[in-house]
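Coordinate analysis (summary)
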Amino acid sequence: MYVNGPEEIGVKLEAARVAIAAQLRDLADQIEALPLDGAAEVLSRLGDQIEGLLREADRILGAQGGRRQT
């Protein structure tokens with residue numbers, strides 16, 4: 001597949017990031033619903049770490065001229 005330029009790359013990366021983040025949130029919700037002691041707390045921490053990684057990626061993309069669209 002041919003990519004036309006940096007803008008198209010940014011759009012494709014953002015779409016992939018949004019899709020991955022949504023899938024991770026859905027997975028975390030499914031796991032939290034399981035009756036496992038302490039699972040919700042561990043997954044909450046994992047979710048916090050994932051959110052931190054997403055914020056850091058947004059910061060890096062912003063520094064490179066990319067912007068996350070919300």
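Shown above is the structure to which this text applies.
Residues numbered from 1 in each chain as written. Predicted model: local features only at pLDDT ≥ 70, side-chain atom pairs only at ≥ 80, totals over all residues. Heavy atoms only, no water.

Focus on the overall build of the protein chain
Helix and strand content of the protein chain: two helices and zero strands. Counting every position in the protein chain, which comprises 70 residues, the buried fraction comes to 13%. Total accessible area on the protein chain is roughly 5,700 Å²; 59% of this is exposed by carbon and sulfur atoms. (Helix = DSSP H or I, 4+ residues; strand = E, 2+ residues; numbered from the N terminus. Buried < 20%, exposed > 50% of the residue type's maximum accessible area, 1.4 Å probe, protein only. Areas by Shrake-Rupley, 256 points an atom, 1.4 Å probe, with all protein chains shown as cover.)

Quick word on a nonpolar patch on the surface
The grouping of Ile20, Leu24 and Leu27 at the surface amounts to a nonpolar patch, some 260 Å² of accessible area in total. Turning to its location among the elements, Ile20 is positioned in helix α1 (residues 6-32). (Patch = residues over 30% accessible without salt bridge, like charges linked within 9 Å, V, L, I, M, F, W, Y side chains within 5 Å. Salt bridge = Lys/Arg side-chain N within 4 Å of Asp/Glu carboxyl O.)

Let's talk about the pattern of salt bridges
For the coordinates displayed, the defined rule picks out five salt bridges. One salt bridge in this structure joins Arg59 and Glu56, with 2.5 Å as the shortest N-O distance. With Arg59 and Glu56 both in helix α2 (residues 39-63), this residue pair falls three residues apart, about one helical turn. The exposure class of Arg59 is exposed, given its relative accessible area of 51%. A relative accessible area of 34% means that Glu56 is categorised as partly exposed.

What to know about the environment of Glu32
One can find Glu32 in helix α1. C-alpha separation for the pair Glu32 and Leu43, spaced 11 residues apart in sequence, amounts to 7.0 Å. Residue contacts for Glu32: discarding those within four places in its chain leaves Ala40, Leu43 and Ser44. (Contact = heavy atoms within 4.5 Å.)

Notes on α1
Counted at 1.5 Å a residue, the expected span for α1 with its 27 residues is 39 Å, and the 38 Å between its end C-alpha atoms agrees. For α1, the full list of buried residues reads Glu14, Arg17, Ala21 and Ala28. (Expected span 1.5 Å × (residues − 1).)

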